[in-house]
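Coordinates in review
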Amino acid sequence: MALRYSILDQSPVSEGSNPGEALQQTATLAQSAEQWGYTRFWVSEHHDAPTLAGSSPEILIAHLGAVTNTIRLGSGGVMLPHYSSFKIAENFKLLEALYPGRIDAGVGRAPGGMPRASLALNEGRSRNTDRFPDQIDELSMYLNDAIPKDHMYYGMKATPVTPSAPPIWILGSSMTSALLAAEKGLPYMFAHFINGEGGQDYTRTYRERFVSDDGKEPYVGFAIFAVCQETEDEAERVASSLDLALSMGAQGMPSTGTPSPDKAQAYEYSKFENLLVEENRRRMVVGNPDQVCDRLETLAQEYGADEVMLVSIAYDFGAKLKTFELIAEEMIKRQTG
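Overview of the structure. (Residues numbered from 1 in each chain as written. Predicted model: local features only at pLDDT ≥ 70, side-chain atom pairs only at ≥ 80, totals over all residues. Heavy atoms only, no water.)

A word on the overall build of the chain
We apply this condition: Secondary structure counts use DSSP, requiring at least four H or I residues in a row for a helix and at least two E residues in a row for a strand, with both numbered from the N terminus. Note on method: radius of gyration uses C-alpha positions; expected globular size equals 2.2 Å times residues raised to 0.38. Between buried and exposed lies partly exposed: a residue is buried under 20% and exposed over 50% of the maximum accessible area for its type, with that area taken using a 1.4 Å probe on protein chains only. In this description, contact between two residues means that some pair of their heavy atoms is separated by no more than 4.5 Å. The Shrake-Rupley method, run with a 1.4 Å probe sphere, supplies the accessible areas, and residue values consider only the shown protein chains as cover.
In terms of helices and strands, the chain carries twelve helices and ten strands. Over its C-alpha atoms the chain spans a radius of gyration of 20 Å, differing by no more than 12% from the 20 Å that the globule rule assigns to 337 residues. Taking the principal axes of its C-alpha atoms as reference, the chain extends roughly 65 × 50 × 40 Å. Counting all 337 residues of the chain, 52% fall into the buried class. Within the chain, contacts between residues at least 6 apart in sequence are counted, and of these 75% link residues at least 24 apart. For the chain, the computed accessible surface area is about 15,200 Å², with 50% contributed by carbon and sulfur atoms.

Observations regarding the pairing of strand S3 (residues 72-75)
Operational definition: Two strands are counted as paired when DSSP detects at least two bridges linking them. Here the term right-handed applies to a crossover when the path leading from its first strand over the helix to its second strand runs clockwise, the strands being oriented away from the viewer.
Across four bridges, strand S2 (residues 40-43) lies against S3 in parallel orientation. Note that in S3 the partner of Arg40 across the bridge is Arg72. Remark: the S2/helix H2 (residues 57-67)/S3 crossover connection has right-handed handedness. Judged from the two bridges that link them, S3 and strand S5 (residues 103-108) form a sheet pairing that is parallel. Across the sheet, Leu73 pairs through a bridge with Ile103, a residue of S5.

Structure representation (structure tokens):
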């Protein structure tokens, strides 16, 4: 099977822009991704994050479904410990009813924001992440209308009732999430853009430990920051915005959005910040189409990946579109040539 390429968009806000414009750009990107042949388009969940506009994946997916026709849509992902599994199941059943066969229910256990946001989402209580494995089982039970007879909710339906159920994906950046996906027999997406080390070992273990009661095969992908332009120099210029944004975020520095390349290239990095940039580059691939796709294919072999999911943040939306267009063109050339 040929390596599949997909997109995860965080709806980033650039300096001088606003969340409404960022969400419109996400919709435009989804439409373009469909035209360029990407397999799926996921959106993220972030709370109390002024520089990232996507706080509710399910609502955004509903909009994206209305402006696209064929591309798979999903969450990358819903942070399940904040919520009732039943409510999340009904959200995704509704999406499945609207866009049958096109919806992915990607879930994770990360907070998706700072501690105060987690407290607000849980009405002042601490998140109970220990229940995450049980919540996965509950979500599957509700999505597939499989509540056992001895369950207190037997006879209840997660509505609307649909002939098909969205597949559940486990998203994560650790061995714990890989083992959970293997134990539950679910597809696994490793967040290389969050953790640039160890993923290859985690996905190898996932494949080794994978069990399924219904004959499913392991399926693994990795999500990585990507910046691709016609030339390496231009890619480095565009990527300088992401370098600075990630460095500022790691230090808790205030930000009004993704900085411009001019601002980023004029920034005087300290020795410590240069080390941060160097470390963060392990989470991304930057270059011209040949360089980027060579690196992605190498990483895919190391991961034993069925799919690559690309994440891109750029100050200029045109440059962001160019990243995905160039990678798609190179991908098609390699797979058909």
